[in-house]
Amino acid sequence: MAADSLHHHFVLPGQVLATSMSESEGGFLRGHGTYIELVPDDSTDHNDDDMMGDTKQQGGMAGTSKKKRSGWGTETKSTVMQMDDGNEAERQDENDEPKDLQRGPQRLIASVAGTVERVNKLISVIPLSPSIYTGQVGDLIVGRIVGVGGSRWKVNLTCSPPTASASNGSMKEGQLPLSGVNLPGGVQRIRTSEDVLAMRNLFREGDLLTCEVQQVQKDGNLILHTRSLRYGKLDNGVLVTVPPSLVGRRKNHFVTLKGLTSQNNDEMDTEEEGEGDVDVYLGLNGGIWIQRTIPSEWENAIRADQDERAPLAETLQKLRHRHATTRVSPSMRESIARVRNSVECLRLVHCQITPDSIEIVARASVDQGIRVADMLLPEMVIKLTEGTRR
């Protein structure tokens, strides 16, 4: 089966994605959600074929594990070769297959159900599981702090509330080290024991925050950071949790939806709310944060009251503090709730959640005069999402 014809197609576990006559041909590269199998000869039984499974992933590159099976219930002998710099490779056992058998015809097989994605020769299967998030470096995360200690914070990647049971098997946690956050005022220095004691002044249990995946460890644990000024604590907004498979990777996960206020709320307080725009943060772990857009008048007022040489980090911290302590007007609350229900409509019909699809549903509800409270009625969900399912 040609790999080109499977681009973005849905596949099931065990389905063949691509074939290659020999290992040296380089016809494909194994990506996430796949494994390589040697094509058995016609003269041998399928139970006696050589398998290459149990792949190992480290540092963003995939290694392979070669296994030989002589029959059902027999022991397997494996050779694991790690492709990272400085890592050692296990030597082959004396009874392993010769090298000429390792270069026979191969086929790439899907190990999960999902859609096929191909980048040049790299073929991957993106799983459609609604409860499992496998992070990659650079992913935007909307998480919740669930623990503080040991010079790091524990971040719940499933965005479960603080009262959720810690024994929940679907809960996945990341580590946010103290060295990965910005100190107050944007000070750049080595962290001390005093910073460790003051960790709860930055984030405490139950706080929501945006962060980025810095590193994926061998065991799958994620190391996070908030060094960018765009990341930090979230206040005065709404969190919506959706299956991670509905949020695709984009160039920009911070988007602004403009002019979603209904005609019945023209008396909006423009001094506080600006133009009534709504910010949406699309977390790849399934957490979506919705809040008002900070008016430009706030930033101008803060810059006028402080020194021109003041660092940008200090200005942003003052903006976030004002946003967290300023009341949200009823008209802006309605706009935020409308965007929130638009995301829920897309989740209910299992449509991809993108800035365009959210705006289509939200504007359809405004144009048709549908109240926010009625948007989640079954007949309204089908009607509002019709434009996203064409």
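About the thresholds
Residues numbered from 1 in each chain as written. Predicted model: local features only at pLDDT ≥ 70, side-chain atom pairs only at ≥ 80, totals over all residues. Heavy atoms only, no water. Helix = DSSP H or I, 4+ residues; strand = E, 2+ residues; numbered from the N terminus. Buried < 20%, exposed > 50% of the residue type's maximum accessible area, 1.4 Å probe, protein only. Contact = heavy atoms within 4.5 Å. Areas by Shrake-Rupley, 256 points an atom, 1.4 Å probe, with all protein chains shown as cover. 1 Å grid on protein atoms, 1.4 Å probe; cavity = no way out; pocket = protein on both sides within 12 Å on 5 of 7 lines; lining within 4 Å. Points joined across faces, edges and corners; volume = space filled by probe spheres on them. Nonpolar A, V, L, I, M, F, W, Y, C, P; charged D, E, K, R; others polar. Axes fitted to C-alpha atoms, helices over the stretch in contact; angles between N-to-C directions. Left-handed = near helix turned anticlockwise from the far one by under 90°.

A. Main features of the overall build of the chain. Broken down by element type, the chain carries seven helices and 20 strands. Expressed as a percentage of its 390 residues, the buried residues of the chain come to 41%. Looking at the chain alone, contacts between residues at least 24 apart form 63% of all its contacts between residues at least 6 apart. When the accessible surface of the chain is split by element, carbon and sulfur atoms take 49% of a total near 21400 Å².

B. Looking closely at the layout of surface pockets. In this structure, the second largest pocket encloses a volume near 1100 Å³. Looking at the second largest pocket, it is lined by 42 residues, and the ones nearest its centre are Y231, G232, K233, L316 and R320. Mapped onto the lining of the second largest pocket, the elements with two or more residues apiece are β16 (232-234), β18 (254-257), β19 (278-282), α3 (296-305) and α4 (312-325). Top contributing element to the lining of the second largest pocket by residue count: α4, with nine residues. The class makeup of the residues in the lining of the second largest pocket is 18 nonpolar, 15 polar and nine charged.

C. Spatial organisation of the packing of helix α5 (residues 330-348) against helix α6 (residues 355-367). Between α5 and α6, the shortest axis-to-axis distance is 9 Å and the interhelical angle comes to 115°. α6 is crossed by α5, and the crossing has right-handed handedness. Of the residues in α6, those in contact with R338, V339, S342, V343, C345 and L346 of α5 are S357, I358, V361, A362, S365 and V366.

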